[in-house]
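Report on the structure
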Amino acid sequence: MNRTAYVLAALVLLGAGALMGRWVEQRSVTDAGTTERKPLYYRNPMGLPDTSPVPKKDGMGMDYVPVYEGDEAGGNILRIAPEKVQKIGVRTEVAAPRVIRADIMAVGVIEADERSLVTISPRFEGWIETLYVNETGRRVRRGEVLFSAYSPELVAAQQEYLLALDAKRRGAGQLGDDLLQTARARLLNWQLEEADIRALEARGEPQRAVTLRAPSDGVVLEKVAVQGMRFMPGEMLYRLADLGQVWLMASVYEQDMGDVQVGQPVSLHIESFPSEVFQGHVGFVYPTLDEGTRTARVRVQLLNAELRLRPGMYGRVDIQVERRSHPVLSVPDSAVLDSGKRQLVLVERGEGLFEPRDVVVGQRGSGYVEIREGLAERERVVVSANFLIDAESNLKAAVDSFGHAGHGANSADTAPEHEREAPPAAAGHATHGER
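Criteria and thresholds
Residues numbered from 1 in each chain as written. Predicted model: local features only at pLDDT ≥ 70, side-chain atom pairs only at ≥ 80, totals over all residues. Heavy atoms only, no water. Helix = DSSP H or I, 4+ residues; strand = E, 2+ residues; numbered from the N terminus. Buried < 20%, exposed > 50% of the residue type's maximum accessible area, 1.4 Å probe, protein only. Areas by Shrake-Rupley, 256 points an atom, 1.4 Å probe, with all protein chains shown as cover. Salt bridge = Lys/Arg side-chain N within 4 Å of Asp/Glu carboxyl O. Axes fitted to C-alpha atoms, helices over the stretch in contact; angles between N-to-C directions. Parallel < 35°, antiparallel > 145°, perpendicular 65-115°, else oblique. Left-handed = near helix turned anticlockwise from the far one by under 90°. Contact = heavy atoms within 4.5 Å. Nonpolar A, V, L, I, M, F, W, Y, C, P; charged D, E, K, R; others polar.

Our focus in this paragraph is the overall build of the protein chain. Secondary structure assignment for the protein chain yields eight helices and 26 strands. The buried share of the protein chain, taken over its 435 residues, is 39%. Of the roughly 25100 Å² that the protein chain leaves accessible, carbon and sulfur atoms contribute 52%.

Okay, the pattern of salt bridges next. It is possible for side chains bearing opposite charge to pair when their charged atoms get close. Summed over all chains, the structure comprises 23 salt bridges. Its salt-bridge partner being arginine 380, residue glutamate 348 comes within 3.8 Å of it at the nearest N-O pair. With glutamate 348 in strand 23 (residues 343-350) and arginine 380 in strand 26 (residues 380-384), the pair connects residues that are 32 residues apart, well separated along the chain. Residue classification places glutamate 348 among the partly exposed residues on the basis of a relative accessible area of 31%. Here glutamate 355 and arginine 357 are joined by a salt bridge, their closest N and O atoms 3.1 Å apart. Across the pair, exposure class does not vary: glutamate 355 and arginine 357 are buried alike. Among the ionic contacts, a cluster of salt bridges with common partners joins Arg349, Glu355, Arg357 and Glu379.

Our focus in this paragraph is the packing of helix 4 (residues 173-189) against helix 5 (residues 194-203). Orientation of helix 4 relative to helix 5, taken along the N-to-C sense of each, is 130 degrees, at an axis distance of 10 Å. Considering their axes alone, helix 4 and helix 5 lie oblique with respect to each other. Once helix 4 is placed against helix 5, the crossing between them reads as right-handed. Counting all contacts with helix 4, which are made through Arg184, Leu187 and Leu188, the residues of helix 5 involved are Glu194, Ile197, Leu200 and Glu201. Looking at the contact of helix 4 with helix 5 residue by residue, the class counts come to four nonpolar, no polar and three charged.

Glancing now at the packing of helix 3 (residues 152-169) against helix 5. Contact pair helix 3 / helix 5: the axes reach a minimum separation of 11 Å and the direction vectors enclose 65 degrees. As helix 3 runs across helix 5, the sense of the crossing is right-handed. Between helix 3 and helix 5, the contacting residues are Gln158, Tyr161, Leu162 and Leu165 on the first element and Ile197, Leu200, Glu201 and Arg203 on the second. The class makeup of the residues in the contact of helix 3 with helix 5 is five nonpolar, one polar and two charged.

Below, the structure is given as structure tokens:
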């Protein structure tokens, strides 16, 4: 009886032990599944090829970023917590075909049409007796009297003409005709007009003061003439310009000159008339380049019947350029991160997952940039908060230094002794992305 009891007791103990072992095994598995992941190592928050086996801070006081097992399995995929994505305002847009149209932006200045410039410079010596146009900026008409002047030479020339005319009337023959033609040519060369010569013939005596008239319509841009002044042959007394049409001289940068052609539409915006847009077309592209500003001049002719556009006015110039006549794959220009040597976009690969990808860009315009290589149609790219993602997840490290993660242990082993310090005693360490 006792033997049977011993056997039963042993069997009970063995069963209990098996059950206890199974429970311990399951608890160990459960605990292992819920245990918090431990970082493999910590990498520099600024993307430098520097790792540490323990938490630490860089020289600027920023925490090193922990790298966990499995973070390297996705290639160069950036992982951002969904709440962080929402917090920094990430916005995406699909890559799609679009017609790239661009306006070349330039600065322009209004100038007088140089073909209408006129200088009043008498060809004889004299004195101004009466000044009729006596102010700068005044509009004059063709034939309007500018001033009257006394010139002893001109009085003598009129007298010679009258003598030659009298000799011809008396029958001086060919000699009289030659003298008359010579005297007439002298008066015309001294800027008297046919009407003045006919009046001289009718009057029969020289005119003491002769009048000089405006040769064309225009505005007085410059006036040197003063009442009573003496002038010498060739001295400039007035400078006129017809401002009924003016030139817009736009300064276009060297890199845009390949897209500028004669006949392209041009819009001019001037601060004096903020609600108006003046329209014109490219009339001439100058063949030289300003070495100081690296710009070339482009000329646009504008009608100015009301004289609202004044020489010296500055304005913003938009030259419309159709760079592509057919749709090309493009993304907003804010989506492209340009380092100078390479261009990157952040492709959305899922919630909180972003892939930095090299692309080859083409023409730009209308807020978009052509993507020639690196993207497929309908892929979504980040168009805002790119640089915040760069800072949050260390884009430079993911693209340029991602290979250092595979040998982080070696880097840690070779780190200087002062960099392998123990973690501070503070309760927890926020990563760079969570600060």
